[in-house]
Amino acid sequence: MHSILVLHGPNLNLLGKREPGIYGSVTLEQINQMLDRESQALQANILTLQSNHEGILIDAIHEAMGQHHGLLINAGAYTHTSVGLRDAIAAVNLPTVEVHLSNIYKREAFRHHSYIAPVAIGQISGFGAESYLLGLHALVNYLKQSQ
């Protein structure tokens, strides 16, 4: 059974309240519940963590080495700013799928660049909470094919 670390970045703890026109009304707790149900159906284990602190996310990525088979990450605004997260993902060399609730390419120009995309196996954005489920499916399928 594959083990996947799911990381939620800054401000995602405010989902359901924060800019619902952009991010929808689904809460982070609901997303985690959806992921838990879907991971069971896919016969995978997940561990979820949300932090507004870049260092905590980096530490979690480091600790994933040897404990998890893959990483599903919505780094939020750190997607566009954090070389540290990018370097941590590259260092642990775990298959990583980047997800976003909104279509980052239809938003402000500064959101069009991702430091994570070049070290990820793929990116899914624009499907709301479904982006996480699509990302989980993609990651589990990739891990199964890589065995």
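Refer to the preceding data block for the structure.
Keep in mind it's a predicted model, so treat the numbers as computed, not measured. (Residues numbered from 1 in each chain as written. Predicted model: local features only at pLDDT ≥ 70, side-chain atom pairs only at ≥ 80, totals over all residues. Heavy atoms only, no water.)

Side note on the packing of helix α3 (residues 54–64) against helix α4 (residues 83–92)
Right, so step 1: At a minimum axis separation of 9 Å, α3 and α4 run at an interaxial angle of 5°. By the angle class used here, α3 and α4 are roughly parallel. On α4, the residues touching E54, L57, I58, I61 and H62 of α3 are G84, L85, A88, I89 and V92.
Right, so step 2: Grouping the constituent residues of the contact of α3 with α4 by class yields seven nonpolar, two polar and one charged. (Axes fitted to C-alpha atoms, helices over the stretch in contact; angles between N-to-C directions. Helix = DSSP H or I, 4+ residues; strand = E, 2+ residues; numbered from the N terminus. Parallel < 35°, antiparallel > 145°, perpendicular 65-115°, else oblique. Contact = heavy atoms within 4.5 Å. Nonpolar A, V, L, I, M, F, W, Y, C, P; charged D, E, K, R; others polar.)

Some details on the pattern of salt bridges
Right, so step 1: Per the counting criterion, the structure on display carries one salt bridge.
Right, so step 2: Linking R86 and D87 is a salt bridge whose minimum nitrogen-to-oxygen distance equals 3.1 Å. (Salt bridge = Lys/Arg side-chain N within 4 Å of Asp/Glu carboxyl O.)

A closer look at the pairing of strand β1 (residues 2–8)
Right, so step 1: Of all seven residues that make up β1, seven are buried, and the element is covered over most of its length.
Right, so step 2: Burial along β1 is two-sided: the residues H2, I4, V6 and H8 and S3, L5 and L7 are all buried.
Right, so step 3: Relative to strand β2 (residues 44–50), β1 runs parallel, the two sharing seven bridges. Among the inter-strand pairings, S3 is bridged to a residue of β2, identified as N45.
Right, so step 4: Sheet topology places β1 next to strand β3 (residues 70–74); five bridges connect them, and they run parallel. Within β3, the position partnered with L7 by the bridge is I73. (Buried < 20%, exposed > 50% of the residue type's maximum accessible area, 1.4 Å probe, protein only. Pairing = 2+ DSSP bridges.)

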